[in-house]
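Listed here are the chains, written in short residue letters.
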Amino acid sequence: MNLYISGIGAVNAGLPSENEKAGGDQSREVSVIRCVEPDYKKYIDPKFARRLSRIIKMGLYAAQMALSEAAVSVPDGIITGTSLGCLADTGKFLNSMIEENESLSSPSAFIQSTHNSISSQIAIATGCNGYNSTYTNRGFSFESALIDAMLQIGENNKAGFLVGSSDEITDELLEILTKPRFLEYSGYNFDNDLKQIFSYGEGAAYFYLTGEKTAGSYCKITSVKTFFTPNAGDDLIKILDDAVSFHEADLHGVDLVLSGGYRRDEALTLSAKLSGAEVVMYKKYCGEYLTSTSYALWLSCMILKHEVDESFIDAGKASTPGKILIMNSYENKYTSFVTVEHV
Amino acid sequence: MKQRVFVTGIGIVSAIGRTVDETADSLFSGNTGISGMRYLDSSLKDLFPVGEVKYSNSDLSDLLSIPEAKYSRTFLLSLAAAREAAGERLSSYNPCRLGFVSGNTVGGMDLTEKYFQSMHSGQAADVTGLLQHDCGYSAQKIAEGLNISGYVTTVSTACSSSTNSIMHAAMLIRSGIVDAALAGGVDSLTKFTLNGFNSLKILDSQLSSPFDENRNGLNLGEGAAYLFLESEKSASGHMQDVLCEVKGFGNSCDAFHQTAMSEDGKGPKLAMRGALKSAGLEASEIDYINLHGTGTSNNDLSEGIAIEDVFSGSIPIYSSTKSYTGHTLGAAGAVEAVICTLSIKNGIIFPNINFKTRMKELSVDPVSSLLKKNIRNVMSNSFGFGGNNSSIIFSKGV
Amino acid sequence: MEDLIVKLKSEIIKQLNFEDLTVEDIDTDAPLFGPEGLGLDSIDALELILIIEKNFRIKITEADDGKSILRSVKTMAEFIEKKRK
């Protein structure tokens, strides 16, 4: 079934043409791309905001932006993916618990540290009593949210769901992720080539999805597939072949691939497999984080809405893509395909 | 026509037993698993009774025959229950047609807090333990170990996590994304959650009394439980294994406050009504409700009032089995689902241990001793922080 | 008493995250809870109890009338002064 998109919102590092505005930081062992921080007051009442940590504000801002574009005030349901949850509040509570030897712990930090806080605060802000869920499963966190939306809307075609993700990078996390011993275990082969293009990242993006096309729909998700591939090794092409033969992924007519990979040779092979489709490695614009597929989906929507300077897509096709494949395989274990088409 | 979803396997580990059989024995005997803290090294040790699984991490590793390594307690508990639920069943499936859906809130926090403690004390600390921090680690390891590749995910909606996992898995099966799935959840006791709940002042320093007028809070617990769910078609070759059916479910958000439930029980009412509608059942067809029943002033009032409204005129027998296991947080929905399965199978309702005085707002008492009853349909409630409310209905299979 | 009141107000701003407020913006006598005051809720009440315990080493016990003590900045200050004697 198709999921029609009529509203999107994001807090991220921006479009490829705007990326220099993002807070890049090359000073560490591995660089990081941070979000361009919006004026949260635009969508969040300051009285309400005092209880919200940054990751929740990012999600709520993106969610309200999506609802505003869709001209909807209360969705029928809210589903969020977050791979690491509310790290800042988790760290705050943990550190204070240890420093004070398990006395004098702040309840606010504890309650804000729970992973479902993002979805829950969006529900409180919008007065939504409908279906509400949160997925926290590494590279599938956002994809699971999309698949759940498909299942929910599949049972009620008239429903409109707000679906998205939010993940943040904190100084404390960055400190850990860039420790040499941690990098060893990171799943990335940090040779010099990879170091040139790899950055950690963060971001939030929300989408208002309906089962039926509306006047405001401007693109549609035509499929979302995930498969757990711990034995795939480095072979993204084999994964692609299996996707088509076993998992019935429909890749016919794809003219642009937003790939979560990093290797140029792999990108060229992918392109050849898909009848010369353009391949763009999107993580150079948003950094690596476990819900980065939502950035790619947001970017796809912006392209299909004609709000993007397409010069970042290499020369070739003159017209705007009609069918975009987002393909990611985090650590070559969490493989996902999302296809998005014009409406 | 929607495929029916059957439960053909269960696995559980909690304060009242390491297996389904041990759990059933404890339930029948009326012995609570809540006692003084034995394994968690916390400064709050002597203040709060807890429902700990009665094995150390080292014991669990031995029992699971996995090499002594620094695994989080969450992973160990999850593996124990998942293996029991899977049994020998998985080998007859194509791995691409199998799913694993787990509910979890705490992840590998037991290792994380040890790491931070060591850093704070200036001692050496192994940062690789933090690779187990996130909620998804256990699901990944278990899916790898059990060779499940069709669909793997983790739900984290506080105390309703594993009920939502079971719901999600049932919908995946109905829609044909997978033919069968292990669904449930896990949470282990950590200083983080103990201190967190203490900061909210909702822990009972005595054995908790759910749904009692003089209740004083909850006892934290830990555990893991999984159901093996199959489509009707997949189960058709071995219907004798069917324990019960996942008949219907409802999910709502209270949208009232970050931790407190609305006093009129709006969210719980919506979840319970949603479950009845989804199951195609009238309220009068529910024979038993396994309450969320944590023992906190707020939850029990909100849940109790919601039940009086939804089941007005025919309030079913109900009890909270958290009086046996403690509140196992993300695992609660699944732990209680397994207990509901045992209720259906044995035609017995397990009581609220420790109940004395009816709540003044309510018109009935929870069941306080073992009760024989033919159960056709049981509703299990899980209401979490953030207003994440879920209700699920299990029915006698065939 | 004045120093105590200023200290309480600045802790309230810091711990309860009132980023846009200054000490001068908080009315000493106004109710802290409910719509006329800062609009605090039950979680904030727990934070206020923590502020008193952390900064002044005074516990509010079950025997104390928590509701009256936490009614306003003034009543909080009066409680602390009384306990100090």
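Residues numbered from 1 in each chain as written. Chains lettered and ligands numbered in written order. Predicted model: local features only at pLDDT ≥ 70, side-chain atom pairs only at ≥ 80, totals over all residues.

So, the overall build of chain C
Selection criterion: Runs of E in the DSSP output that reach at least two residues are strands. Runs of H or I that reach at least four are helices, and both are numbered from the N terminus. A radius of gyration in this sense is built from C-alpha atoms; the matching globule rule multiplies 2.2 Å by the number of residues raised to 0.38. For the exposure call, what matters is how many other C-beta atoms sit within 10 Å of a residue's own: 20 or more marks it buried, 12 or fewer exposed, and in between partly exposed, using C-beta atoms placed from the backbone.
Per the secondary structure count, chain C includes four helices and zero strands. Reading chain C from its N end, one meets helices and strands in the order α-α-α-α. Radius of gyration (C-alpha) of chain C: 12 Å, near the 12 Å computed for a compact globule of 85 residues. A buried classification covers 22% of the 85 residues belonging to chain C.

Quick notes on the overall build of chain B
Defined as follows: Note on contacts: each residue gets a C-beta atom placed from the backbone, and two residues are in contact if those atoms are within 7 Å.
Within chain B one finds twelve helices and twelve strands. In terms of C-alpha radius of gyration, chain B reaches 20 Å, essentially the compact-globule figure of 21 Å for 398 residues. Oriented by its inertia axes, the alpha-carbon framework of chain B measures out at about 65 × 50 × 40 Å. Taking as baseline every contact in chain B between residues at least 6 positions apart, the subset at least 24 positions apart corresponds to 80%.

A short note on the pairing of strand β8 (residues 203-210) of chain A
With eight of eight residues buried, β8 of chain A is to be regarded as a mostly interior element. Here β8 of chain A shows a buried face lined by Gly203, Ala205, Phe207 and Leu209 of chain A and a second buried face lined by Ala204, Tyr206, Tyr208 and Thr210 of chain A.

Regarding the nonpolar core
What counts is decided by this rule: Core membership is restricted to buried Ala, Val, Leu, Ile, Met, Phe, Trp, Tyr and Cys residues, and these are joined into a nonpolar core through C-beta atoms within 7 Å.
Of all hydrophobic cores here, the largest spans 220 residues; its most connected members are Ala62 and Ala66 of chain A together with Ala181, Leu227 and Leu229 of chain B. No other element matches helix α2 (residues 54-70) of chain A, which puts eleven residues into this core. Residues contacting Ala62 of chain A, with those up to four places away along its chain left out, are Gly9, Ala10, Val11, Gly164, Ala204, Ala205 and Tyr206 of chain A. Counting 15 residues, the second largest nonpolar core, distinct from the first, contains Ile26, Ile52, Leu70 and Phe79 of chain C.

Comments concerning the interface of chain A and chain B
Filter applied, for reference: Residues are grouped as follows: nonpolar covers Ala, Val, Leu, Ile, Met, Phe, Trp, Tyr, Cys and Pro; charged covers Asp, Glu, Lys and Arg; every other residue, Gly included, is treated as polar.
Taken residue by residue, the interface counts 49 residues in chain A and 54 residues in chain B. Of all the secondary-structure elements, those providing two or more residues to the side of chain A that touches chain B are α3 (87-99), α4 (107-112), α5 (117-126), β5 (131-135), α6 (141-155), α8 (180-184) and β9 (219-228) of chain A. Its residues placed into classes, the side of chain A that touches chain B shows 22 nonpolar, 22 polar and five charged.

Details of the domain arrangement of chain B
Residue and element names in this part refer to chain B. Just so we agree on the cut-off: Domains are outlined according to an automatic or database domain assignment.
Domain annotation for chain B reports domain 1 (5-241) and domain 2 (246-395). The distance between the C-alpha centroids of domain 1 and domain 2 comes to 20 Å. Each side of the interface is counted separately: domain 1 has 63 residues, and domain 2 has 55 residues. Elements represented by at least two residues in the side of domain 1 that touches domain 2 include exactly β1 (5-14), α1 (20-29), α6 (161-174), β4 (180-187) and β5 (223-231). By residue number, the principal contributor to the side of domain 1 that touches domain 2 is α6, which donates eight residues.

Regarding the interface of chain C and chain A
The interface is formed by twelve residues belonging to chain C together with nine residues belonging to chain A. Considering only residue class, the side of chain C that touches chain A consists of five nonpolar, two polar and five charged.

Here's the deal with the pairing of strand β6 (residues 160-167) of chain A
All names here are of chain A. The test is simple: What makes two strands pair is DSSP finding at least two bridges between them.
A large share of β6 lies buried, amounting to eight of its eight residues. Going residue by residue along β6, you find Gly160, Leu162, Gly164 and Ser166 tucked away on one face and Phe161, Val163, Ser165 and Asp167 tucked away on the opposite face as well. One ladder, built from five bridges, connects strand β4 (residues 77-81) with β6; its direction is parallel. When the sheet's bridge partners are listed, Gly77 is paired in β6 with Phe161. With eight bridges connecting them, β6 and β8 associate as antiparallel partners. Bridging from a neighbouring strand, Gly164 pairs with Tyr206 of β8.

A look at the packing of helix α3 (residues 73-86) of chain B against helix α5 (residues 136-146) of chain B
Residue and element names in this part refer to chain B. In plain terms, the rule: In this analysis an axis means a line fitted to C-alpha atoms, helices contributing only their contacting stretch, and an angle means the value between N-to-C directions, from 0 to 180 degrees. What sets the label is the angle itself: under 35 degrees gives roughly parallel, over 145 gives roughly antiparallel, 65 to 115 gives roughly perpendicular, and the rest give oblique. In a left-handed crossing the near helix is turned counterclockwise from the far helix by less than a right angle, and in a right-handed crossing that turn is clockwise.
At a minimum axis distance of 10 Å, the contact between α3 and α5 shows a crossing angle of 40°. For the element pair α3 / α5, the angle class is oblique. With respect to the hand of their crossing, α3 and α5 are arranged in right-handed fashion. Here Thr74, Phe75, Ser78, Leu79, Ala82 and Ala86 of α3 lie close against α5, whose contacting residues are Tyr137, Ser138, Lys141, Ile142 and Leu146. Of the residues assigned to the contact of α3 with α5, the class counts are seven nonpolar, three polar and one charged.

Comments concerning the environment of Ser320 of chain B
Residue and element names in this part refer to chain B. Here Ser320 shows up in the loop between β8 (317-319) and α11 (322-325). Residue Ser320 is classed as buried on the basis of its 33 C-beta neighbours within 10 Å. Along the sequence, Ser320 and Phe355 sit 35 residues apart, while their C-alpha atoms lie 9.9 Å from each other. When neighbours within four sequence positions are excluded, Ser320 is seen to be in contact with Pro210, Phe211, Leu291, Gly293, Asn352 and Pro366.

Some details on helix α12 (residues 332-346) of chain B
All names here are of chain B. Selection criterion: One less than the number of residues in a helix, times 1.5 Å, gives the span that helix is expected to have.
Compared with an ideal rise of 1.5 Å per residue, which puts 15 residues at 21 Å, α12 spans 21 Å between its outermost C-alpha atoms and is within 8% of the ideal. The buried fraction of α12 amounts to 13 of the 15 residues, a majority that puts the element mostly inside the structure. Immediately beyond the C-terminal end of α12, within one or two residues, lies Gly347, with a positive phi of roughly 60°.

Considerations on unusual backbone geometry
Backbone geometry at Asn101 of chain A places phi at a positive 50°, although glycine is not the residue there. Its location among the elements puts Asn101 of chain A in the loop between α3 and α4. Exposure remark for Asn101 of chain A: the 8 C-beta atoms within 10 Å place this residue in the exposed category. Phi angles above zero are rare outside glycine, and Asn354 of chain B is one such case at about 80°. Here Asn354 of chain B shows up in the loop between β9 (348-349) and β10 (371-372).

Notes on the packing of helix α10 (residues 236-245) of chain A against helix α11 (residues 264-273) of chain A
Residues and elements named next belong to chain A. Running from amino to carboxyl end, α10 crosses α11 at an angle of 25°, the nearest separation of the two axes being 10 Å. On the basis of the axis angle, α10 is roughly parallel to α11. Two packed elements cross with a definite hand, and for α10 against α11 that hand is right-handed. Here α10 contributes Leu236, Ile237 and Leu240 to the contact with α11, which in turn contributes Glu266, Thr269, Leu270 and Lys273. Of the residues contributing to the contact of α10 with α11, the split by class is four nonpolar, one polar and two charged.

Quick look at the confidence of the model for chain C
Defined as follows: pLDDT: the predictor's confidence for each residue, scored from 0 to 100.
Taken as a whole, chain C shows an average pLDDT of 90; of its residues, 100% reach a score of 70 or greater. In the predicted complex, the global pTM is 0.96; the interface-specific ipTM is 0.97.

Quick word on α3 of chain B
All names here are of chain B. Compared with an ideal rise of 1.5 Å per residue, which puts 14 residues at 20 Å, α3 spans 20 Å between its outermost C-alpha atoms and is within 8% of the ideal. With 13 of 14 residues buried, α3 lies mostly within the body of the structure. Once α3 ends, the next one or two residues include Gly87, with phi positive near 55°.

A closer look at the environment of Ser42 of chain B
Residues and elements named next belong to chain B. Inspection of the secondary structure puts Ser42 in the loop between α1 and α2 (57-63). The exposure class assigned to Ser42 is partly exposed, which follows from the 19 C-beta atoms found within 10 Å. Distance in space between the C-alpha atoms of Ser42 and Ser323 is 22 Å, their sequence separation being 281 residues.

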